[in-house]
Each structure stands twice: as C-alpha cells, then as structure tokens.
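The lines below spell out each chain.
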Amino acid sequence: MTAAPPSNRPKINDNDTELIEAINSGQTEKFSELVRRYEQKLYNFGRRMCGDAADAEDLVQDTFLNVFRYLKDFRHETKFKNWLYRVAASTCIKKRRRSKFAPERELSLEEFVSGEEPGAAAQVPDWAQIPLEKLLNEELVQTLHQAILSLPEQYRMVVVLRDMEGFSTEETAQIMNISSTNVKVRLHRARLFLREKLKGYFAHGL
Amino acid sequence: MACDNPEHRHCLELFEKLSEYIDQELESETHRHVEAHVAECLACSACLQTLKQTIALCRQAGERSVPAAFSRKLHAVLQSTTKPPLP
C-alpha cells in the first residue's frame, strides 16, 4: 500500500473522521478507540475468510497494524470502513498467497445449470418457503459457513462482502480493486454454489 | 451449453441474470422481462426462490463475539506499537 497521490475527489466525512484526524494529529492513544469500533466486524470477516480462529486473529492484528502504518495516507475519499476493509482484503490475499501456491479454481455457470432443465424443478422446495426464523439453527449456520469456506477465495470474498458484510456492488469493487461487472459475475456464481450446497443439505441432511 | 429448445435457451439466458434481478441492478426493461418470465415459468420461479433464500440465510447467519483474551492481546500489541517514541 503506497502513499496515494493527491486528488480532487470530495472529502467524505463519516463518524470516524474526527477520530482519525485526532490520531493523525498525534493523539495516537486514540487508535485503540478505532480498534474497538471495528474489531468485531473484522474478526467476523476474518473467520468467514479464513475459517480458522487463529488465522482470523492474525488477519485482524496485521490489518490494524497496516491501518496504523498507512492512516496518514487515508484521504477520506471513501468511508473509513471501506478503506479498512480494503486493507483487510489486501492483507488477507497476501497471507493466502504466502501459504498456498495452488491456482484458484474458476466457477463456471455451466456447472450450475445442469440441474436446471425445464421442468426439473417444477415446484419451489419446502426449504425455500419456510420463514428464516424457523429454518435457522446452529447446524445450518455451520453448514453455510463450511460451504462458504469451500468456495474459491475470489468468490468467497465477494459473497462475504456483499451478502454478509452488507457492502454494495460498487463498494465491493473498490475494496477488491476489481470492476463492478466482475463483482456481479463472481457474486452470482458464488450464490449458485452456496445454493447447491444448501440443496444437498436439505435433500440429504448432509 | 448447446440447446435447440428455444424455451430452454430463454430460461438459461435469464438464469444468468437472477442475482442482478434480486439485487435490483438490472435496467428496468430487463427487470420487467425477467419478472414476466418468472411469473410463467415454474422452474425459473423455483430457482429464484431458492437463490433468494440462500442470500437471506447468508444475511442472517449472525456474528461471533471477539474472544476476550484475543481482544486484550490485540489492544496490548497495538498499544505498544502505536505509542509515540520518547523524546
């Protein structure tokens, strides 16, 4: 992460602006307040991306260390939260690159359409009609988390940011430094992948 | 994905757009087109409902609390790193 060149983009003020300006003006003891505001969000992002608690903790710590190192370069051109996730995403990708050398698997749309022959699913399955509060239980949440972890990383990050962390398509594109079109393509495939896993779970109780 | 059945081809074309349809990111004409098709095609309607439920489950999957021991360690590490150097 190098120093950003000056730009003419308007400055975005959010709930964190005052705190960041205080930290950047030398009140570094206030950094712990910034950590308090986001440690839970980042910890959950880490758990969703890494699965393992220890890896998630490393990700949170490395992200905050990077945030402190580069906070003076933050130009308030986006919400602080989005910039924070950009640092976290970049930290996460670097960590994975260090630990894994296998090329990422691509998901193709074709692998999800085989079960979509016309008439093949002529009725909406029960699990898609049950209210969420009746459907959700610990076992299902675990199944979903395992399914998310089995997604190739580039798809996992998109679905985590969009459908779990609540970022918009444009924000996700900014955080991951990819185009909005690419976000949409990856998101659709990731969702279809998860849907297949859930279909399997509800059909076989796996 | 070769297919001679025009109905099936139509379903597959719309299959690609279902996420954008759910997210209200399609142009209004395409949105109406998908809406009309889903209203008539049971297979696509089932596909749409299962996809919607998948997304809803992701959104409601909940958050874990940060383990207290990790939070203490994190604040201690960051405090020692961010402390300004002594004059």
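Treat the numbers as computed from the prediction; the structure is a model and nothing was measured. (Residues numbered from 1 in each chain as written. Chains lettered and ligands numbered in written order. Predicted model: local features only at pLDDT ≥ 70, side-chain atom pairs only at ≥ 80, totals over all residues. Heavy atoms only, no water.)

## Here's the deal with the overall build of chain B
What counts here: Secondary structure counts use DSSP, requiring at least four H or I residues in a row for a helix and at least two E residues in a row for a strand, with both numbered from the N terminus. Throughout, exposure labels follow a simple rule: accessible area from a 1.4 Å probe, protein chains only, divided by the maximum for the residue type, with under 20% read as buried, over 50% as exposed, and the rest as partly exposed. Residues are treated as being in contact if the distance between any of their heavy atoms lies within 4.5 Å.
Of the regular secondary structure elements, chain B holds five helices and zero strands. Starting at the N terminus, the α and β elements of chain B follow one another as α-α-α-α-α. A buried classification covers 44% of the 87 residues belonging to chain B. Counting contacts in chain B only where the partners sit at least 6 residues apart, residues at least 24 apart contribute 44% of the total.

## With respect to the packing of aromatic side chains
Remark: the centre distance and the inter-plane angle together describe each pair of aromatic rings, the angle taken between the planes. All names here are of chain A. Inclusion rule: Aromatic rings from Phe, Tyr and Trp, taking only the six-membered ring of Trp, are treated as a pair when their centres fall within 6.5 Å; an angle between ring planes under 30 degrees marks them as stacked, one over 60 as edge-to-face, and anything in between as tilted. Both a distance and an angle decide whether a charge sits over a ring: NZ of Lys or CZ of Arg must be within 6 Å of the ring centre and within 35 degrees of the ring normal.
One pass over the full model with this rule turns up 11 aromatic pairs over all chains. Consider the rings of F31 and F68, whose centres lie 5.1 Å apart with planes at 70°: the pair is edge-to-face. Taken together, the residues span a long stretch of sequence, with F31 in helix α2 (residues 31-50) and F68 in helix α3 (residues 53-70) at a distance of 37 residues. Taken together, Y38, F74, F80 and W83 form an aromatic cluster joined through their ring pairs. The ring of F167 has K81 sitting right over it, with the charged end atom 4.9 Å from the ring centre.

## Considerations on the packing of helix α10 (residues 180-204) of chain A against helix α4 (residues 42-59) of chain B
Packed helices, taken two at a time, are described by the angle between their axes plus the distance between the axes. The condition that has to hold: Lines fitted to the C-alpha atoms define the axes, with helices restricted to the stretch that makes contact. Angles between their N-to-C directions range from 0 to 180 degrees. An angle below 35 degrees is treated as roughly parallel, one above 145 as roughly antiparallel, one from 65 to 115 as roughly perpendicular, and anything else as oblique. Residues are grouped as follows: nonpolar covers Ala, Val, Leu, Ile, Met, Phe, Trp, Tyr, Cys and Pro; charged covers Asp, Glu, Lys and Arg; every other residue, Gly included, is treated as polar.
Where α10 of chain A contacts α4 of chain B, the axes come no closer than 9 Å and their chain directions differ by 95°. Our classification of the angle between α10 of chain A and α4 of chain B gives roughly perpendicular. The residues of α4 of chain B that touch α10 of chain A, namely those facing H188, R191, L192, L194, R195 and L198 of chain A, are C47, T50, L51, T54, I55, L57, C58 and R59 of chain B. Residues of the contact of α10 of chain A with α4 of chain B, tallied by class, amount to eight nonpolar, three polar and three charged.

## Remarks on the side chain of N66 of chain A
Residue and element names in this part refer to chain A. Topologically, N66 is positioned in helix α3. N66 sits in the buried class, given a relative accessible area of 18%. In contact with N66, not counting residues within four places along its chain, are V87 and T91.

## Side note on the interface of chain B and chain A
To keep it simple, the criterion reads: By buried area we mean how much accessible surface two parts lose on assembly, using a 1.4 Å probe and totalling the loss over both. Salt bridge, as used here: a side-chain nitrogen of Lys or Arg that lies within 4 Å of a carboxyl oxygen of Asp or Glu. A 3.5 Å cut-off defines polar contacts: any pair of N or O atoms within that distance qualifies, except that in protein one atom must be a possible hydrogen donor and the other a possible acceptor, and neighbouring residues in sequence count only when both atoms are side-chain atoms.
The interface of chain B with chain A comprises 43 residues on the first partner and 55 residues on the second. The junction of chain B with chain A conceals about 4600 Å² of combined surface from both sides, 65% of it contributed by carbon and sulfur atoms. The largest share of the area that chain B buries against chain A comes from F15, L57 and R64 of chain B, three residues that together contribute 15% of it. At the junction of chain B and chain A, the tally comes to six salt bridges. Between D23 of chain B and R162 of chain A there is a salt bridge whose closest N-O contact spans 3.2 Å. At the boundary of chain B with chain A, the tally comes to 17 residue pairs in polar contact (both at pLDDT 80 or more). Listing elements by their share of the side of chain B that touches chain A, those giving two or more residues are α1 (6-15), α2 (18-22), α4 and α5 (68-82) of chain B. Element by element, the count of residues in the side of chain B that touches chain A is highest for α4 of chain B, at 15 residues. Along the lines of polarity and charge, the residues of the side of chain B that touches chain A split into 21 nonpolar, 14 polar and eight charged.

## Digging into the confidence of the model for chain B
The cut-off we apply is this: Along the chain, pLDDT gives the predictor's confidence residue by residue, from 0 to 100.
The pLDDT averaged across chain B works out to 88; a share of 87% of its residues lies at or above 70. The least confident element of chain B is α1 of chain B, whose mean pLDDT is 78; the most confident is α2 of chain B, at 97.

## Some remarks on the nonpolar core
Going by this rule: Definition used in this section: a nonpolar core is a set of buried Ala, Val, Leu, Ile, Met, Phe, Trp, Tyr and Cys residues joined via side-chain atoms within 4.5 Å. Segmentation of the chain into domains, including their bounds, is taken from an automatic or database domain assignment.
Within the largest apolar cluster, 84 residues are counted, with the highest numbers of intra-cluster contacts made by L34, F45, F64 and F80 of chain A. Here this core takes nine residues from α2 of chain A, the largest share from any one element. The residue makeup of this core includes at least three contributed by each of domain 1 (17-99) and domain 2 (126-204) of chain A. For F64 of chain A, the contacting residues outside a window of four places in its chain are F31, L34, V35, Y38, E39, L42 and L84 of chain A together with L74 and L78 of chain B.

## Details of the layout of surface pockets
The condition that has to hold: With a 1 Å grid spanning the protein atoms alone, the term cavity applies to any set of points in which a 1.4 Å probe fits but cannot get out, the term pocket to an open set with protein on both sides within 12 Å along at least five of seven lines, and the term lining residue to any residue with an atom within 4 Å of a point. Grid points are joined across faces, edges and corners, and a volume is the space filled by probe spheres set on the points.
The space that makes up the second largest pocket amounts to roughly 270 Å³. Lining the second largest pocket are 13 residues, and of these K184 and V185 of chain A together with E16, K17 and E20 of chain B sit closest to its centre. Elements supplying a minimum of two residues to the lining of the second largest pocket: α10 of chain A together with α2 of chain B. A per-class count over the lining of the second largest pocket returns three nonpolar, four polar and six charged.

## Thoughts on the side chain of R47 of chain A
The following threshold applies: All tallies of charge rest on Lys and Arg as positive and Asp and Glu as negative; His and the ends of each chain are not included.
Along the chain, R47 of chain A falls in helix α2. Nearest to the buried, unbridged R47 of chain A among oppositely charged side chains is E57 of chain A, at 6.7 Å. Non-local contacts of R47 of chain A, meaning those with residues more than four positions away in its chain, are made with D52, A53, A56 and L149 of chain A together with R64 of chain B.

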